[in-house]
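# Understanding the architecture of this molecule
What follows is the residue order along each chain.
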Amino acid sequence: MSFEFNRISPEEAGVSSYQILEFLNKLEEEGTEMHSMMLLKGDSIFAEGWWKPYNPDTEHILFSFTKTLTSTAIGFAVNEGVISLDDKLVDIFPDKLPEVISDNLKKADVRSLLTMSCGHSNEIEAFGLPFDDFVKAFLAHPFEHEPNTYFMYNTAGTNMLCAILLRKTGEKLTDYLKPRLFDKLGMGDVYVANLPNGVPCGGAGGFLKTEQMARFIRFIANRGTWNGERLLSQSWFDLATTYQIDNTPTQKDPDWTKGYGFQFWCCVPDGVFRADGAFGQYGIVVPDKDMVFIFQSASTTMQDTLTVCWNHLLKYVSDKPLPEDKEAYSALKYKLENLEINHPITKKNPQAKDLYDGLQLILNEPVKKDLSEFIGGSGMLFAENRRRTKDIKTISSLTVRFGEKEIDLITDFGEVLPISMNSHFNSFELNGHVYGAVGTWASSDTLEFLVYCASAASGTRYRLNFGEKPYLTSESSLAVGGPLGGGDPTTITFTKGENHDRTSDFTYYFGS
(Lines give C-alpha, C1' and ligand atoms only; values in the text may rest on other atoms or scores of the structure.)
Protein backbone atom coordinates (compact mmCIF):
# COMPACT_ATOMS: atom_id res chain seq x y z
CA MET A 1 0.00 0.00 0.00
CA SER A 2 1.42 3.37 -1.00
CA PHE A 3 2.03 5.97 1.68
CA GLU A 4 1.28 9.68 1.46
CA PHE A 5 1.95 12.38 4.02
CA ASN A 6 -1.01 14.24 5.48
CA ARG A 7 -1.22 18.04 5.34
CA ILE A 8 -2.19 19.94 8.48
CA SER A 9 -1.98 23.55 9.63
CA PRO A 10 1.01 24.71 11.69
CA GLU A 11 -1.31 25.34 14.62
CA GLU A 12 -2.43 21.69 14.57
CA ALA A 13 1.27 20.76 14.84
CA GLY A 14 1.80 23.07 17.80
CA VAL A 15 3.53 25.87 15.88
CA SER A 16 2.06 29.27 15.15
CA SER A 17 1.86 30.37 11.53
CA TYR A 18 3.09 33.76 12.67
CA GLN A 19 6.24 32.17 14.11
CA ILE A 20 7.02 30.39 10.85
CA LEU A 21 6.75 33.76 9.10
CA GLU A 22 9.15 35.20 11.67
CA PHE A 23 11.50 32.26 11.11
CA LEU A 24 11.53 32.82 7.35
CA ASN A 25 12.07 36.56 7.78
CA LYS A 26 14.97 35.91 10.12
CA LEU A 27 16.59 33.56 7.62
CA GLU A 28 16.37 36.33 5.02
CA GLU A 29 17.96 38.78 7.47
CA GLU A 30 20.81 36.35 8.08
CA GLY A 31 21.42 36.05 4.34
CA THR A 32 20.33 32.44 3.93
CA GLU A 33 19.11 31.79 0.42
CA MET A 34 16.37 29.21 0.82
CA HIS A 35 15.49 26.79 -1.98
CA SER A 36 12.88 24.61 -0.29
CA MET A 37 11.42 23.80 3.11
CA MET A 38 9.26 20.99 4.47
CA LEU A 39 8.29 20.84 8.15
CA LEU A 40 6.72 17.67 9.57
CA LYS A 41 5.00 16.63 12.76
CA GLY A 42 4.82 12.85 12.76
CA ASP A 43 3.59 11.81 9.32
CA SER A 44 1.98 15.19 8.61
CA ILE A 45 3.46 18.15 6.74
CA PHE A 46 2.52 21.46 8.36
CA ALA A 47 4.48 23.88 6.17
CA GLU A 48 6.21 23.54 2.80
CA GLY A 49 7.48 25.83 0.08
CA TRP A 50 9.85 26.23 -2.86
CA TRP A 51 11.66 29.39 -3.91
CA LYS A 52 11.36 29.73 -7.71
CA PRO A 53 12.95 28.43 -9.86
CA TYR A 54 13.30 25.59 -7.33
CA ASN A 55 10.27 23.32 -7.33
CA PRO A 56 8.81 20.10 -5.86
CA ASP A 57 9.56 17.96 -8.91
CA THR A 58 13.29 18.58 -9.35
CA GLU A 59 16.05 16.75 -7.52
CA HIS A 60 18.47 19.03 -5.64
CA ILE A 61 22.16 18.39 -5.00
CA LEU A 62 22.64 16.96 -1.50
CA PHE A 63 26.42 17.21 -1.05
CA SER A 64 27.27 15.58 2.29
CA PHE A 65 23.66 14.79 3.11
CA THR A 66 24.44 11.86 0.78
CA LYS A 67 26.64 10.42 3.54
CA THR A 68 23.57 9.40 5.52
CA LEU A 69 22.31 7.32 2.58
CA THR A 70 25.70 5.55 2.57
CA SER A 71 25.59 5.02 6.32
CA THR A 72 22.10 3.54 6.06
CA ALA A 73 23.22 1.17 3.31
CA ILE A 74 26.00 -0.05 5.58
CA GLY A 75 23.35 -0.52 8.28
CA PHE A 76 21.38 -2.85 6.02
CA ALA A 77 24.54 -4.78 5.12
CA VAL A 78 25.43 -5.14 8.81
CA ASN A 79 21.92 -6.34 9.64
CA GLU A 80 22.16 -8.90 6.84
CA GLY A 81 25.56 -10.12 8.05
CA VAL A 82 27.33 -9.07 4.85
CA ILE A 83 29.51 -6.49 6.61
CA SER A 84 30.71 -6.17 10.20
CA LEU A 85 31.64 -2.91 11.89
CA ASP A 86 34.87 -4.63 12.91
CA ASP A 87 35.85 -5.69 9.39
CA LYS A 88 39.39 -4.46 8.71
CA LEU A 89 40.23 -2.55 5.53
CA VAL A 90 43.34 -4.68 5.03
CA ASP A 91 41.14 -7.80 4.94
CA ILE A 92 38.54 -6.30 2.62
CA PHE A 93 41.10 -5.00 0.12
CA PRO A 94 44.17 -7.28 0.34
CA ASP A 95 44.92 -6.54 -3.32
CA LYS A 96 44.94 -2.77 -2.85
CA LEU A 97 47.41 -2.38 0.01
CA PRO A 98 50.61 -0.28 -0.05
CA GLU A 99 53.99 -1.97 0.17
CA VAL A 100 54.42 -0.82 3.78
CA ILE A 101 51.39 -1.50 5.98
CA SER A 102 51.43 0.56 9.17
CA ASP A 103 50.06 -0.65 12.48
CA ASN A 104 47.32 1.99 12.28
CA LEU A 105 46.27 0.88 8.81
CA LYS A 106 46.02 -2.66 10.13
CA LYS A 107 43.54 -1.42 12.77
CA ALA A 108 41.37 0.70 10.44
CA ASP A 109 37.88 -0.80 10.18
CA VAL A 110 34.36 -0.08 8.92
CA ARG A 111 33.39 1.57 12.19
CA SER A 112 36.26 4.06 11.91
CA LEU A 113 35.07 5.09 8.42
CA LEU A 114 31.53 5.60 9.70
CA THR A 115 32.74 7.86 12.53
CA MET A 116 35.29 9.81 10.44
CA SER A 117 38.14 8.42 12.53
CA CYS A 118 40.03 6.07 10.24
CA GLY A 119 43.34 7.68 11.21
CA HIS A 120 44.00 10.23 8.47
CA SER A 121 45.18 13.72 9.50
CA ASN A 122 44.03 15.19 6.19
CA GLU A 123 41.91 14.06 3.30
CA ILE A 124 42.92 12.77 -0.09
CA GLU A 125 41.13 14.36 -3.05
CA ALA A 126 37.64 13.11 -2.32
CA PHE A 127 36.35 12.95 -5.88
CA GLY A 128 39.01 10.60 -7.21
CA LEU A 129 40.09 12.76 -10.12
CA PRO A 130 43.90 12.35 -9.90
CA PHE A 131 43.86 8.63 -9.10
CA ASP A 132 43.93 5.59 -11.35
CA ASP A 133 42.71 3.58 -8.36
CA PHE A 134 40.82 5.49 -5.66
CA VAL A 135 40.95 2.63 -3.12
CA LYS A 136 44.71 2.19 -3.50
CA ALA A 137 45.21 5.94 -3.06
CA PHE A 138 43.09 5.97 0.09
CA LEU A 139 44.93 3.06 1.69
CA ALA A 140 48.33 4.50 0.75
CA HIS A 141 47.56 7.80 2.48
CA PRO A 142 49.28 7.99 5.90
CA PHE A 143 47.20 6.64 8.80
CA GLU A 144 48.81 8.87 11.42
CA HIS A 145 46.33 8.30 14.25
CA GLU A 146 45.05 5.15 15.85
CA PRO A 147 41.67 4.42 14.26
CA ASN A 148 38.52 5.20 16.26
CA THR A 149 40.33 7.83 18.35
CA TYR A 150 40.71 11.00 16.20
CA PHE A 151 37.87 12.72 14.28
CA MET A 152 38.79 14.23 10.91
CA TYR A 153 35.99 15.01 8.46
CA ASN A 154 36.68 12.72 5.54
CA THR A 155 34.42 12.58 2.50
CA ALA A 156 36.87 10.18 0.85
CA GLY A 157 36.32 7.85 3.80
CA THR A 158 32.60 7.77 3.07
CA ASN A 159 33.34 7.00 -0.57
CA MET A 160 35.45 4.10 0.75
CA LEU A 161 32.32 2.75 2.45
CA CYS A 162 30.72 2.64 -1.01
CA ALA A 163 33.77 0.77 -2.30
CA ILE A 164 33.37 -1.73 0.57
CA LEU A 165 29.66 -2.15 -0.18
CA LEU A 166 30.49 -2.74 -3.84
CA ARG A 167 33.12 -5.33 -3.03
CA LYS A 168 31.02 -7.14 -0.43
CA THR A 169 27.70 -7.16 -2.29
CA GLY A 170 28.61 -6.56 -5.94
CA GLU A 171 26.12 -3.68 -6.01
CA LYS A 172 26.49 0.08 -6.15
CA LEU A 173 24.94 2.25 -3.45
CA THR A 174 21.60 3.11 -5.08
CA ASP A 175 21.14 -0.37 -6.59
CA TYR A 176 21.61 -1.88 -3.14
CA LEU A 177 19.25 0.57 -1.44
CA LYS A 178 16.49 0.53 -4.06
CA PRO A 179 14.65 -2.68 -3.02
CA ARG A 180 15.53 -2.35 0.67
CA LEU A 181 14.68 1.32 1.18
CA PHE A 182 13.79 3.53 -1.77
CA ASP A 183 11.00 1.33 -3.11
CA LYS A 184 9.63 0.73 0.39
CA LEU A 185 9.53 4.47 1.14
CA GLY A 186 8.02 5.39 -2.23
CA MET A 187 11.05 7.48 -3.11
CA GLY A 188 11.34 6.31 -6.71
CA ASP A 189 14.70 6.34 -8.43
CA VAL A 190 17.61 8.02 -6.65
CA TYR A 191 20.76 9.22 -8.36
CA VAL A 192 24.25 9.29 -6.82
CA ALA A 193 27.14 10.25 -9.11
CA ASN A 194 30.12 7.95 -9.56
CA LEU A 195 33.78 8.76 -9.12
CA PRO A 196 35.83 8.46 -12.33
CA ASN A 197 36.85 4.92 -11.33
CA GLY A 198 33.23 3.77 -10.91
CA VAL A 199 32.93 3.87 -7.12
CA PRO A 200 29.76 5.78 -6.10
CA CYS A 201 30.44 9.21 -4.61
CA GLY A 202 28.44 8.35 -1.51
CA GLY A 203 30.11 11.17 0.37
CA ALA A 204 28.70 14.03 -1.68
CA GLY A 205 27.19 13.08 -5.05
CA GLY A 206 23.51 12.46 -4.33
CA PHE A 207 20.34 14.24 -5.49
CA LEU A 208 16.87 14.14 -3.92
CA LYS A 209 13.62 16.03 -4.23
CA THR A 210 12.44 17.75 -1.06
CA GLU A 211 9.78 15.13 -0.31
CA GLN A 212 12.25 12.31 -0.98
CA MET A 213 14.47 13.86 1.68
CA ALA A 214 11.47 14.06 4.01
CA ARG A 215 10.57 10.41 3.48
CA PHE A 216 14.12 9.28 4.15
CA ILE A 217 14.57 11.40 7.27
CA ARG A 218 11.12 10.42 8.56
CA PHE A 219 12.29 6.79 8.24
CA ILE A 220 15.39 7.72 10.26
CA ALA A 221 13.21 9.47 12.87
CA ASN A 222 11.05 6.31 13.02
CA ARG A 223 14.26 4.40 13.84
CA GLY A 224 13.90 1.96 10.98
CA THR A 225 10.15 1.51 10.49
CA TRP A 226 7.93 2.72 7.66
CA ASN A 227 4.19 2.46 7.25
CA GLY A 228 4.03 -0.13 10.03
CA GLU A 229 6.86 -2.30 8.66
CA ARG A 230 10.31 -2.63 10.22
CA LEU A 231 12.94 -2.31 7.51
CA LEU A 232 16.11 -1.84 9.57
CA SER A 233 16.81 -2.72 13.19
CA GLN A 234 16.39 -0.10 15.89
CA SER A 235 19.78 -1.09 17.32
CA TRP A 236 21.41 0.35 14.20
CA PHE A 237 19.91 3.78 14.91
CA ASP A 238 20.94 3.54 18.57
CA LEU A 239 24.48 3.78 17.16
CA ALA A 240 24.09 5.74 13.93
CA THR A 241 22.20 8.77 15.26
CA THR A 242 23.90 9.17 18.64
CA TYR A 243 27.24 10.39 19.94
CA GLN A 244 30.02 8.00 18.91
CA ILE A 245 33.11 10.21 18.83
CA ASP A 246 34.32 13.60 20.05
CA ASN A 247 34.63 16.06 17.17
CA THR A 248 35.75 19.15 19.13
CA PRO A 249 39.48 18.96 18.21
CA THR A 250 38.87 19.68 14.51
CA GLN A 251 35.55 21.59 14.46
CA LYS A 252 34.63 25.09 15.66
CA ASP A 253 30.97 26.00 15.26
CA PRO A 254 28.69 24.89 18.13
CA ASP A 255 26.55 22.52 16.06
CA TRP A 256 29.71 20.86 14.73
CA THR A 257 31.18 20.15 18.19
CA LYS A 258 28.42 18.16 19.89
CA GLY A 259 29.60 14.76 18.73
CA TYR A 260 29.30 12.61 15.63
CA GLY A 261 27.50 9.32 15.01
CA PHE A 262 27.61 7.19 11.89
CA GLN A 263 27.54 10.05 9.34
CA PHE A 264 24.98 11.97 11.43
CA TRP A 265 25.74 15.10 13.48
CA CYS A 266 24.58 15.71 17.05
CA CYS A 267 23.11 19.21 17.49
CA VAL A 268 23.10 21.92 20.17
CA PRO A 269 19.54 21.18 21.39
CA ASP A 270 19.71 18.05 23.50
CA GLY A 271 18.71 14.93 21.59
CA VAL A 272 18.42 16.65 18.21
CA PHE A 273 20.50 15.23 15.35
CA ARG A 274 20.82 15.93 11.64
CA ALA A 275 22.04 14.95 8.23
CA ASP A 276 23.59 17.90 6.44
CA GLY A 277 25.31 18.90 3.24
CA ALA A 278 27.35 21.86 2.04
CA PHE A 279 25.55 25.20 1.82
CA GLY A 280 22.62 23.96 3.91
CA GLN A 281 20.98 20.72 2.78
CA TYR A 282 19.43 19.66 6.09
CA GLY A 283 17.42 16.78 7.48
CA ILE A 284 16.87 17.63 11.16
CA VAL A 285 15.24 15.22 13.60
CA VAL A 286 13.70 16.48 16.87
CA PRO A 287 12.74 13.26 18.67
CA ASP A 288 11.01 14.74 21.72
CA LYS A 289 8.71 16.82 19.49
CA ASP A 290 8.26 14.05 16.88
CA MET A 291 9.32 16.58 14.25
CA VAL A 292 11.45 16.60 11.12
CA PHE A 293 12.70 19.78 9.41
CA ILE A 294 13.88 19.58 5.79
CA PHE A 295 15.76 22.48 4.19
CA GLN A 296 17.46 22.93 0.85
CA SER A 297 19.41 26.17 0.74
CA ALA A 298 22.54 28.07 -0.22
CA SER A 299 24.39 29.53 2.73
CA THR A 300 28.09 29.95 3.41
CA THR A 301 27.37 30.42 7.13
CA MET A 302 25.61 27.18 7.95
CA GLN A 303 25.81 27.68 11.72
CA ASP A 304 23.74 30.85 11.38
CA THR A 305 20.97 28.89 9.66
CA LEU A 306 20.87 26.29 12.43
CA THR A 307 20.96 28.95 15.14
CA VAL A 308 17.96 30.67 13.53
CA CYS A 309 16.19 27.30 13.42
CA TRP A 310 16.76 26.70 17.14
CA ASN A 311 15.96 30.24 18.29
CA HIS A 312 13.12 31.18 15.95
CA LEU A 313 11.38 27.89 15.23
CA LEU A 314 12.18 25.02 17.59
CA LYS A 315 12.05 27.27 20.65
CA TYR A 316 8.40 28.07 19.94
CA VAL A 317 7.10 24.54 19.34
CA SER A 318 4.29 23.59 21.71
CA ASP A 319 3.60 20.07 22.89
CA LYS A 320 -0.11 20.64 22.19
CA PRO A 321 -2.07 22.03 19.23
CA LEU A 322 -2.56 25.80 19.22
CA PRO A 323 -5.78 27.74 18.64
CA GLU A 324 -6.64 28.40 15.03
CA ASP A 325 -5.22 31.69 13.65
CA LYS A 326 -6.85 32.31 10.28
CA GLU A 327 -5.15 35.63 9.64
CA ALA A 328 -1.60 34.41 10.30
CA TYR A 329 -2.25 31.14 8.47
CA SER A 330 -3.55 33.02 5.43
CA ALA A 331 -0.48 35.28 5.42
CA LEU A 332 1.85 32.29 5.69
CA LYS A 333 0.02 30.41 2.96
CA TYR A 334 0.31 33.42 0.62
CA LYS A 335 4.02 33.74 1.32
CA LEU A 336 4.72 30.06 0.79
CA GLU A 337 2.84 30.08 -2.52
CA ASN A 338 4.81 33.08 -3.84
CA LEU A 339 8.39 32.35 -2.86
CA GLU A 340 11.19 33.30 -5.23
CA ILE A 341 14.97 33.68 -5.10
CA ASN A 342 15.95 37.32 -4.62
CA HIS A 343 16.94 38.96 -7.89
CA PRO A 344 17.12 42.43 -9.47
CA ILE A 345 13.98 44.08 -10.80
CA THR A 346 14.00 44.25 -14.59
CA LYS A 347 14.82 47.69 -15.95
CA LYS A 348 13.93 48.40 -19.57
CA ASN A 349 16.14 49.55 -22.42
CA PRO A 350 13.83 50.65 -25.27
CA GLN A 351 16.55 50.88 -27.95
CA ALA A 352 18.16 47.51 -27.13
CA LYS A 353 16.08 45.46 -29.54
CA ASP A 354 16.87 47.73 -32.49
CA LEU A 355 20.55 47.68 -31.56
CA TYR A 356 21.19 44.07 -30.67
CA ASP A 357 18.46 41.80 -32.04
CA GLY A 358 20.12 39.22 -34.30
CA LEU A 359 23.62 40.14 -33.16
CA GLN A 360 26.07 37.25 -33.41
CA LEU A 361 28.78 37.19 -30.78
CA ILE A 362 31.71 35.02 -31.89
CA LEU A 363 33.81 33.64 -29.02
CA ASN A 364 37.45 34.59 -29.43
CA GLU A 365 38.28 31.30 -27.69
CA PRO A 366 35.57 28.63 -28.23
CA VAL A 367 34.42 26.76 -25.10
CA LYS A 368 34.24 22.96 -25.21
CA LYS A 369 30.99 22.64 -23.30
CA ASP A 370 27.32 22.42 -24.06
CA LEU A 371 25.09 25.18 -22.72
CA SER A 372 24.08 23.49 -19.45
CA GLU A 373 27.74 22.94 -18.53
CA PHE A 374 28.51 26.49 -19.60
CA ILE A 375 25.86 27.85 -17.22
CA GLY A 376 27.19 25.78 -14.32
CA GLY A 377 26.19 26.11 -10.67
CA SER A 378 27.31 24.46 -7.47
CA GLY A 379 26.82 20.72 -7.76
CA MET A 380 26.42 20.68 -11.54
CA LEU A 381 29.63 18.68 -11.91
CA PHE A 382 27.73 15.78 -10.31
CA ALA A 383 24.52 16.48 -12.24
CA GLU A 384 26.26 16.51 -15.60
CA ASN A 385 28.02 13.26 -14.68
CA ARG A 386 24.60 11.62 -14.97
CA ARG A 387 24.21 12.20 -18.68
CA ARG A 388 27.76 12.82 -19.87
CA THR A 389 28.75 11.42 -23.24
CA LYS A 390 31.99 11.42 -25.16
CA ASP A 391 30.44 13.77 -27.72
CA ILE A 392 31.12 17.09 -25.95
CA LYS A 393 29.96 20.10 -27.93
CA THR A 394 31.90 23.31 -28.48
CA ILE A 395 30.30 26.75 -28.20
CA SER A 396 31.74 29.01 -30.87
CA SER A 397 29.12 31.76 -30.96
CA LEU A 398 26.02 33.17 -29.27
CA THR A 399 23.23 34.86 -31.20
CA VAL A 400 20.97 37.37 -29.44
CA ARG A 401 17.22 37.28 -30.14
CA PHE A 402 14.56 39.49 -28.55
CA GLY A 403 11.10 38.18 -27.76
CA GLU A 404 8.12 39.89 -26.16
CA LYS A 405 9.16 39.14 -22.58
CA GLU A 406 12.48 37.31 -23.00
CA ILE A 407 15.90 37.72 -24.52
CA ASP A 408 17.31 34.50 -25.98
CA LEU A 409 20.98 33.60 -26.21
CA ILE A 410 21.33 30.87 -28.84
CA THR A 411 24.44 28.75 -29.34
CA ASP A 412 25.70 27.86 -32.78
CA PHE A 413 24.33 24.32 -32.27
CA GLY A 414 20.85 25.58 -31.41
CA GLU A 415 20.62 25.43 -27.61
CA VAL A 416 18.70 28.37 -26.15
CA LEU A 417 19.11 30.27 -22.88
CA PRO A 418 15.88 32.29 -22.50
CA ILE A 419 16.29 35.21 -20.08
CA SER A 420 13.07 36.51 -18.55
CA MET A 421 12.72 40.29 -18.75
CA ASN A 422 9.62 40.67 -16.57
CA SER A 423 11.14 40.76 -13.05
CA HIS A 424 10.42 37.08 -12.34
CA PHE A 425 12.22 33.83 -13.00
CA ASN A 426 10.92 31.82 -15.94
CA SER A 427 11.17 28.03 -16.08
CA PHE A 428 12.76 26.08 -18.91
CA GLU A 429 14.47 22.77 -19.52
CA LEU A 430 17.92 22.26 -20.95
CA ASN A 431 19.66 18.90 -21.35
CA GLY A 432 17.36 17.28 -18.84
CA HIS A 433 17.73 19.98 -16.18
CA VAL A 434 15.20 22.61 -15.07
CA TYR A 435 16.42 26.23 -15.06
CA GLY A 436 15.20 29.72 -14.38
CA ALA A 437 16.70 33.00 -15.58
CA VAL A 438 15.89 36.67 -15.08
CA GLY A 439 17.62 39.79 -16.38
CA THR A 440 17.82 43.57 -16.24
CA TRP A 441 19.58 46.30 -18.17
CA ALA A 442 22.37 47.70 -16.00
CA SER A 443 23.21 50.34 -18.63
CA SER A 444 22.49 51.08 -22.26
CA ASP A 445 24.97 48.42 -23.43
CA THR A 446 25.11 45.98 -20.50
CA LEU A 447 22.65 43.19 -19.77
CA GLU A 448 22.83 41.60 -16.32
CA PHE A 449 21.13 38.27 -15.71
CA LEU A 450 20.92 35.58 -13.08
CA VAL A 451 20.56 31.89 -13.98
CA TYR A 452 19.78 29.01 -11.63
CA CYS A 453 19.59 25.30 -12.27
CA ALA A 454 16.99 23.84 -9.91
CA SER A 455 19.29 20.87 -9.27
CA ALA A 456 22.21 23.04 -8.14
CA ALA A 457 22.94 24.81 -4.87
CA SER A 458 23.86 28.11 -6.50
CA GLY A 459 23.19 30.25 -9.52
CA THR A 460 25.45 32.20 -11.85
CA ARG A 461 25.50 35.99 -12.26
CA TYR A 462 26.34 37.33 -15.71
CA ARG A 463 27.15 40.72 -17.22
CA LEU A 464 26.97 40.80 -21.01
CA ASN A 465 28.50 43.97 -22.42
CA PHE A 466 27.62 44.83 -26.03
CA GLY A 467 30.24 47.56 -26.41
CA GLU A 468 32.94 47.89 -29.04
CA LYS A 469 34.70 44.81 -27.66
CA PRO A 470 31.89 42.64 -26.26
CA TYR A 471 32.50 40.43 -23.26
CA LEU A 472 30.62 38.20 -20.83
CA THR A 473 31.63 37.94 -17.17
CA SER A 474 30.27 35.31 -14.84
CA GLU A 475 30.54 34.48 -11.16
CA SER A 476 28.79 32.21 -8.69
CA SER A 477 25.84 33.59 -6.75
CA LEU A 478 27.59 32.18 -3.67
CA ALA A 479 30.24 34.19 -1.90
CA VAL A 480 32.79 31.42 -2.47
CA GLY A 481 34.46 30.19 -5.63
CA GLY A 482 36.18 26.98 -6.61
CA PRO A 483 34.59 23.75 -7.87
CA LEU A 484 32.34 23.24 -4.82
CA GLY A 485 31.03 26.80 -5.03
CA GLY A 486 30.18 26.55 -8.71
CA GLY A 487 33.40 27.81 -10.25
CA ASP A 488 35.65 30.85 -10.13
CA PRO A 489 34.80 34.14 -11.92
CA THR A 490 35.43 34.04 -15.67
CA THR A 491 35.44 36.45 -18.59
CA ILE A 492 34.74 35.50 -22.20
CA THR A 493 35.48 37.94 -25.00
CA PHE A 494 33.71 38.15 -28.35
CA THR A 495 34.02 39.55 -31.83
CA LYS A 496 30.81 40.90 -33.35
CA GLY A 497 29.51 39.19 -36.44
CA GLU A 498 29.49 41.17 -39.67
CA ASN A 499 26.89 43.88 -40.44
CA HIS A 500 25.74 44.37 -36.86
CA ASP A 501 27.29 47.72 -35.95
CA ARG A 502 24.10 49.74 -35.56
CA THR A 503 25.10 52.07 -32.74
CA SER A 504 25.88 54.99 -35.03
CA ASP A 505 22.26 55.03 -36.19
CA PHE A 506 20.87 55.86 -32.74
CA THR A 507 20.99 58.67 -30.25
CA TYR A 508 19.48 57.73 -26.93
CA TYR A 509 19.66 58.48 -23.26
CA PHE A 510 19.45 55.50 -20.93
CA GLY A 511 16.79 55.97 -18.27
CA SER A 512 15.29 59.15 -19.71
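Here the structure is shown first, and the text comes after it.
Below you will find a few notes about this structure. (Residues numbered from 1 in each chain as written. Predicted model: local features only at pLDDT ≥ 70, side-chain atom pairs only at ≥ 80, totals over all residues. Heavy atoms only, no water.)

## A few points about the overall build of the protein
Under the convention used in this document: Per the convention used, a helix needs a DSSP run of H or I reaching at least four residues, while a strand needs a run of E reaching at least two, with both numbered from the N terminus. As defined in this context, the radius of gyration uses C-alpha atoms, and a globule is described by 2.2 Å times the residue total to the power 0.38. Whether a residue is buried, partly exposed or exposed follows from its accessible area with a 1.4 Å probe, protein chains only, as a fraction of its type maximum: under 20%, in between, or over 50%, in that order. Residue contacts follow a heavy-atom distance rule, with two residues in contact if any of their heavy atoms lie within 4.5 Å. Here the accessible surface of atoms and residues is derived via Shrake-Rupley with a 1.4 Å probe, and residues count as covered only by protein chains that are part of the display. In this count, Lys and Arg are taken as positive residues and Asp and Glu as negative ones, while His and the chain termini are left out. Positions of charges follow a simple convention, taking NZ of Lys, CZ of Arg, CG of Asp or CD of Glu.
Summing up its helical and strand segments, the protein has 17 helices and 22 strands in all. For the protein, whose C-alpha radius of gyration is 25 Å, the value lies close to the compact-globule estimate of 24 Å for 512 residues. Reported as C-alpha extents along the three principal axes, the dimensions of the protein are approximately 80 × 65 × 45 Å. A total of 512 residues make up the protein; the buried ones form 56% of that total. Nonlocal contacts in the protein, meaning residues at least 24 apart in sequence, comprise 64% of its contacts between residues at least 6 apart. Of the accessible surface of the protein, which amounts to about 21,500 Å², a share of 47% is contributed by carbon and sulfur atoms. Positive and negative side-chain charges of the protein, numbering 48 and 68 respectively, have mean locations separated by a distance of 2 Å.

## A word on unusual backbone geometry
Here the bond from Lys52 into Pro53 is cis, since omega is 10°, no more than 30 degrees from zero. Despite not being glycine, Phe279 shows a phi value in the positive range, around 70°. Within the secondary structure layout, Phe279 lies in the loop between strand 10 (273–277) and strand 11 (281–286). According to the relative accessible area criterion, Phe279 is buried, its value standing at 8%.

## Considerations on the packing of helix 3 (residues 66–79) against helix 9 (residues 173–185)
We apply this condition: Between N-to-C directions, angles cover 0 to 180 degrees, with each direction set by a line fitted to C-alpha atoms, over the stretch in contact for helices. For classification purposes, an angle smaller than 35 degrees is called roughly parallel, one larger than 145 roughly antiparallel, one from 65 to 115 roughly perpendicular, and anything else oblique. Asp, Glu, Lys and Arg are counted as charged, while Ala, Val, Leu, Ile, Met, Phe, Trp, Tyr, Cys and Pro are counted as nonpolar; the rest, among them Gly, fall into the polar class.
Where helix 3 meets helix 9, the closest approach of the two axes is 10 Å, and the angle between their N-to-C directions is 70°. With respect to their mutual orientation, helix 3 and helix 9 come out roughly perpendicular. Between helix 3 and helix 9, the residues in contact are Leu69, Thr70, Thr72, Ala73, Phe76 and Ala77 and Leu173, Tyr176, Leu177, Arg180, Leu181 and Phe182, respectively. Considered class by class, the residues forming the contact of helix 3 with helix 9 number 9 nonpolar, 2 polar and 1 charged.

## Considerations on the sheet that holds strand 4 (residues 60–63)
Where we set the bar: Only strands that DSSP links by at least two bridges are regarded as paired with each other.
The 3 strands are arranged 4-6-5 in an open sheet whose pairing can be described as antiparallel. Both outer strands of the open sheet, strand 4 and strand 5 (191–192), are each paired with one neighbouring strand and no more. Bridge analysis of strand 4 against strand 6 (residues 206–208) gives 3 bridges, and the strand direction is antiparallel. Following the sheet pairing, Phe63 is matched in strand 6 by Gly206.

## Focus on the packing of helix 3 against helix 10 (residues 210–221)
Applicable threshold: Left-handed describes a crossing in which the near helix is turned anticlockwise from the far one by less than a right angle; the clockwise case is right-handed.
For the pair helix 3 and helix 10, the least separation of the axes is 12 Å and the interaxial angle reads 50°. Looking at the two axes, helix 3 sits oblique to helix 10. For the pair helix 3 and helix 10, the sense of crossing is left-handed. Of the residues in helix 10, those touching helix 3 at Thr68, Leu69, Thr72 and Phe76 are Phe216, Phe219 and Ile220.

## As for the packing of aromatic side chains
This is how it is decided: Planes of paired rings set the category: under 30 degrees apart is stacked, over 60 is edge-to-face and the rest tilted, where pairs are Phe, Tyr or Trp rings (Trp by its six-membered ring) whose centres lie within 6.5 Å.
For the structure shown, the criterion picks out 26 aromatic pairs. For the ring pair Phe151 and Tyr260, a centre distance of 5.1 Å and an interplane angle of 65° mean the geometry is edge-to-face. Taken together, the residues Phe151 in the loop between helix 7 (134–140) and helix 8 (155–169) and Tyr260 in the loop between helix 11 (234–240) and strand 9 (265–266) connect sequence positions 109 residues apart. Phe151 gets classed as buried once you look at its relative accessible area, which sits at 2%. With relative accessibility at 0%, the residue Tyr260 sits in the buried group. With centroids separated by 5.9 Å and ring planes inclined at 35°, the aromatic side chains of Tyr191 and Phe207 adopt a geometry described as tilted. Residue Tyr191 is located in strand 5, and its partner Phe207 is located in strand 6; the two are separated by 16 residues in the primary sequence.

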